[in-house]
Amino acid sequence: KTFDESELFENEVADAADRLGDFRTAFRNISSIMDCVGCEKCRLWGKLQFLGLGTALKVLFSDQPDLQRNEIVALVNLAAKLSRSVHNVGVMERRVIVEERNKTLFSVLLAGTLVIALSVLVHRRRRTKPSVNQE
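Here's a quick rundown of the structure.

### So, the pattern of salt bridges
Side chains that differ in sign of charge can pair as their charged atoms come close. Across all of its chains, the model carries 3 salt bridges by this definition. As a salt-bridge pair, E71 and K58 come within 3.1 Å of each other at their nearest N and O atoms. Taken together, the residues span a long stretch of sequence, with E71 in helix α4 (residues 69–128) and K58 in helix α3 (residues 40–61) at a distance of 13 residues. Given the relative accessible area of 11%, E71 is considered buried.

In structure tokens, the structure reads:
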């Protein structure tokens, strides 16, 4: 099922306006919290991504959104970051699968090596033990 924004605000119009106002307030609060981040690069990138997320919601919930240049830049940047993240999830899943295969292969090789080593030891003991009939 895809996201249907009309379900989010399907109750009364006043309730929908309150929810949208709550979203705006939450975004402003988080943006002001980002001002407290010590690292300037982290603060810049965090605010840019958060502005992109807010712009995406603005586009989603507005009939004819009037976007400023910085909002468009933030939206494109957010789309790039999200697509890179989705790609990296696929890469990590493939790495996990390969790692599990390697662990299985290592276990099989280790078990095979142990079997061969035990076989050699048993064979040597049989050769070096004098048999009862020979004495």
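So that's the structure; there's more coming.
### A few points about α4
An ideal rise of 1.5 Å per residue puts 88 Å on 60 residues; α4 measures up with 87 Å between its terminal C-alpha atoms. All buried positions along α4 are accounted for by E71, A74, N77, L78 and G90. Those residues of α4 that are buried are in contact with α3.

### Section: the packing of α3 against α4
Two numbers describe a pair of packed helices, the interaxial angle and the distance between the axes. Where α3 contacts α4, the axes come no closer than 7 Å and their chain directions differ by 100°. Viewed along their axes, α3 and α4 adopt a mutual orientation that is roughly perpendicular. Note on element contacts: α4 touches α3 through N70, E71, A74, L75, N77, L78 and K81, opposite W45, L48, Q49, L51, G52, L53, T55, A56, K58 and V59. Broken down by class, the residue content of the contact of α3 with α4 amounts to 9 nonpolar, 5 polar and 3 charged.

### Remarks on the side chain of E71
Polar side-chain contacts of E71 include one of 2.8 Å to the backbone nitrogen of Q68. When near neighbours in sequence (up to four residues on either side) are disregarded, E71 contacts L51, T55, K58 and D66.

### A word on the side chain of N77
Tracing the sequence through the fold places N77 in helix α4. If near-sequence neighbours (up to four positions away) are discounted, N77 is found in contact with W45, L48 and Q49.

### Concerning a nonpolar patch on the surface
Nonpolar side chains collect at one region of the surface, where F106, L110 and L114 lie side by side and expose about 320 Å² of accessible area between them. Mapped onto the elements of the fold, L110 is located in helix α4.

### Quick notes on the packing of aromatic side chains
By the definition in use, this model includes 1 aromatic pair. For the ring pair F27 and F50, a centre distance of 4.6 Å and an interplane angle of 40° mean the geometry is tilted. Here F27, found in helix α2 (residues 13–34), pairs with F50, found in helix α3; they are 23 residues apart in sequence, far enough to count as distant. In terms of burial, F27 and F50 fall into one category: buried. Directly above the ring of W45 sits K81, whose terminal nitrogen or CZ lies 4.9 Å from the centroid.

About the thresholds
Residues numbered from 1 in each chain as written. Predicted model: local features only at pLDDT ≥ 70, side-chain atom pairs only at ≥ 80, totals over all residues. Heavy atoms only, no water. Salt bridge = Lys/Arg side-chain N within 4 Å of Asp/Glu carboxyl O. Helix = DSSP H or I, 4+ residues; strand = E, 2+ residues; numbered from the N terminus. Buried < 20%, exposed > 50% of the residue type's maximum accessible area, 1.4 Å probe, protein only. Expected span 1.5 Å × (residues − 1). Contact = heavy atoms within 4.5 Å. Axes fitted to C-alpha atoms, helices over the stretch in contact; angles between N-to-C directions. Parallel < 35°, antiparallel > 145°, perpendicular 65-115°, else oblique. Nonpolar A, V, L, I, M, F, W, Y, C, P; charged D, E, K, R; others polar. Polar contact = N/O pair within 3.5 Å; in protein donor to acceptor, adjacent residues only side chain to side chain. Patch = residues over 30% accessible without salt bridge, like charges linked within 9 Å, V, L, I, M, F, W, Y side chains within 5 Å. Areas by Shrake-Rupley, 256 points an atom, 1.4 Å probe, with all protein chains shown as cover. Phe/Tyr/Trp six-rings, centres within 6.5 Å; stacked < 30°, edge-to-face > 60°. Lys NZ or Arg CZ within 6 Å of the ring centre and 35° of its normal.

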